[in-house]
Amino acid sequence: MAADVHKKKGWEVPNGSLAPGDGQHTERSESPTPGLAQGTEPGAGQEGAMFVHTRSYEDLTSPEDGAAAARSPEERRGEPAEPTSMEQISKDFSELSTQLTGMALDLEEEMRQSKEGKLEPSPQTTRRDSVLSGKEEEDVTMDAWRMHRKHVFVLSEAGKPVYSRYGSEEALSSTMGVMMALVSFLEAEKNAIRSIHADGYKVVFVRRSPLVLVAVARTRQSEQEIAHELLYIYYQILSLLTWTQLNHIFQQKQNYDLRRLLAGSERITDNLLDLMAHDPSFLMGAVRCLPLAASVRDAVSTSLQQAKAKSLVFSILLSGNQLVSLVRKKDQFLHPIDLHLLFNLISSSSSFREGEAWTPICLPKFNSSGFFHAHISYLEQEMDLCLLLVSTDREDFFTVSDCKRRFQERLRRRGVHHALQEALRTPFYSVAQVGIPDLRHFIYKSKSSGLFTSPEIEAPYVREEEKERLLGLYQYLHSRAHNSSRPLKNIYFTGPHENLLAWVRAICRVWVTSAFELYICYSPLGTKAGAISAVNKLMKWIRKEEDRLFILTPQTY
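Residues numbered from 1 in each chain as written. Predicted model: local features only at pLDDT ≥ 70, side-chain atom pairs only at ≥ 80, totals over all residues. Heavy atoms only, no water.

## Quick notes on the overall build of the chain
Along its length, the chain carries 19 helices and 19 strands. Looking at the chain as a whole, 57% of its 557 residues qualify as buried. The contacts in the chain between residues at least 6 apart in sequence include a share of 67% that link residues at least 24 apart. Of the accessible surface of the chain, which amounts to about 23,800 Å², a share of 50% is contributed by carbon and sulfur atoms. (Helix = DSSP H or I, 4+ residues; strand = E, 2+ residues; numbered from the N terminus. Buried < 20%, exposed > 50% of the residue type's maximum accessible area, 1.4 Å probe, protein only. Contact = heavy atoms within 4.5 Å. Areas by Shrake-Rupley, 256 points an atom, 1.4 Å probe, with all protein chains shown as cover.)

Structure (structure tokens):
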């Protein structure tokens, strides 16, 4: 299985650098002010991009799915091979499902029984239907179910329920049928439904054939941000099945019940929704790095680079939902969404701590047509350091496992083990280190590197409700800044408990560029002039600490 290569777009310079061309200066700016050209802002990588580069937030939600099927054979050369039979589909997913639920699934047998007209459920199907995540206990007719601030539903184009965030899919089958009827009714009029706004609720529809995803929310998120979260759920399903296999299933049987195949993976989707409700990584479309001294990070990256194998495409070391190091094969780029899905897979299961796992995984933004195989293991039982080695060869487990052993040996020889332990004791820094008295919290994203940084959320945001309220305010500012009809460059928000400032677009002398995004939260007693002054001070601090907060020199094989 070979890897897909993301070709450089016309707006990137040939050598892979993201610094501006056409006669514009390419030196990193010493000025901390917001007038920075893209590629010179604090946190921008100096050795080229580590992720697939997106020019804007809107580009993250561009409809790329299905493009693989439309490419010519020459363009598809070198991509992961597509399975040619339902037997292969069943075998690949069974490997992952066995790890998640302890039982293998046999899709081919189900499809054969369906074609033969055997409608009664088999004992195996009955066992799968009993793998519940606990949400079936919630009565969908009760007010408590209706009071949830956000519901998420996934259904097939035939109206078959696939997933519900709260409550039993069976109990909601009629509701999902109404949703599909709305979609179909408008499509019959050669139109498409995107959202319904009523009584403080937003009902957002995302159509990704053969699935329809619907969210019913009463949050501060915009329609666009809710649709972005629904796309994450869609990508999560693709990461388990691949786009090719998903379409093949419904081509064979349009009213197939996809829950049979996804049984046991509900908690992965539940965990993803929980992460999106609390982690700003998904809102920013970026990845946060573990704060680490540059010398230590370089030693870790070099050790990963040297512990390589022919089939390896990505070597990723992470702690929690923070990136420690990433080494990629030359000319291969990872999308932040794919990395988020890997983070979610690891955080949704504690079984990965028990040994070395070898599991098929699709990276849908990299290539939605086939599986890679990921070696997942923790370096030590007591250390929150997880190593992911992504390979193109399904038979290469022992070779990749030896890469982990060689990586650990090099870490010990370089003497960085103790430094990593110290960094893990304080995975977040305090906003007090910035030295701005009224500053309570901030989120800073470098658009060039696809990385962001933010301090730990501290007092007065101690209770979980306060933390959610703060993230809700960031979501509101983000939605105003990225409004499709009227995007805003600068936003100053005054509230009863805090003031916030969003600074999204920087204007240079020659062109308008989105070099970075900055959202700051500070005391309600502050002034607008004080907030602008805080931006300058904060940018100076980020520039000073950038080698600790970001990966400036990503390594390749």
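## Remarks on the sheet that holds strand β10 (residues 372–378)
Taken in spatial order, the six strands make up an open sheet running β9-β10-β11-β7-β8-β19, and their pairing is mixed. Strands at the two margins of the open sheet, each flanked by one partner only, are β9 (357–361) and β19 (555–556). Of the strand pairs in this sheet, strand β7 (residues 312–319) and strand β8 (residues 322–328) are connected by six bridges, and their pairing is antiparallel. Note that in β8 the partner of F314 across the bridge is R328. (Pairing = 2+ DSSP bridges.)

## Thoughts on the pairing of β7
Burial analysis of β7 places eight of its eight residues in the buried class, the great majority of the element. Taken together, the six bridges between β7 and strand β11 (residues 386–391) define a ladder with antiparallel strand orientation. When the bridges of β11 are listed, L312 appears paired with S391. Here β7 folds back onto β8 in antiparallel fashion, the turn holding two residues, of which G320 has a positive phi close to 60°.

## Overview of the packing of aromatic side chains
Across all of its chains, the model carries 13 aromatic pairs by this definition. With a centroid separation of 5.1 Å and 75° between ring planes, the pair formed by Y232 and F282 is classed as edge-to-face. With a gap of 50 residues between them, Y232 in helix α9 (residues 223–241) and F282 in helix α13 (residues 280–284) connect regions that are remote in the sequence. Here W358 and F397 contribute two aromatic rings whose centre-to-centre distance is 5.7 Å and whose plane-to-plane angle is 75°, an arrangement assigned as edge-to-face. (Phe/Tyr/Trp six-rings, centres within 6.5 Å; stacked < 30°, edge-to-face > 60°.)

## Details of the pairing of β8
Across the seven residues of β8, seven count as buried, placing the element largely inside the fold. Bridge count between β8 and β19: two bridges; the pairing is parallel. Counted as the bridge partner of R328 is T556 from β19.

## Remarks on the sheet that holds strand β4 (residues 201–208)
Spatial ordering of the open sheet is given by β2-β1-β5-β4-β3, a layout of five strands whose pairing is antiparallel. Bordering the open sheet on either side are β2 (161–164) and β3 (195–198), each of which pairs with just one other strand. The mean angle between the axes of side-by-side strands here comes to 10°, regardless of whether they run parallel or antiparallel. As paired strands, strand β1 (residues 150–156) and β2 are joined by three bridges and run antiparallel to one another. (Axes fitted to C-alpha atoms, helices over the stretch in contact; angles between N-to-C directions.)

## A few points about helix α8 (residues 173–188)
Helix length check: α8, at 16 residues, gives a terminal C-alpha distance of 22 Å against a target of 22 Å (1.5 Å per residue), a fit within 8%. Of all the residues in α8, the buried ones are M176, M179, M180 and V183. The arc that holds the buried residues of α8, viewed along the axis, is 90°, so those residues lie on one side. More than 90 degrees from the buried face of α8, the exposed residues found are S174, V178, F185 and A188. Those residues of α8 hidden inside the fold are in contact with β1, β2, β4 and β5 (211–217). (Expected span 1.5 Å × (residues − 1). Arc of directions from axis to C-beta.)

Shape descriptors only; they carry no functional weight alone.
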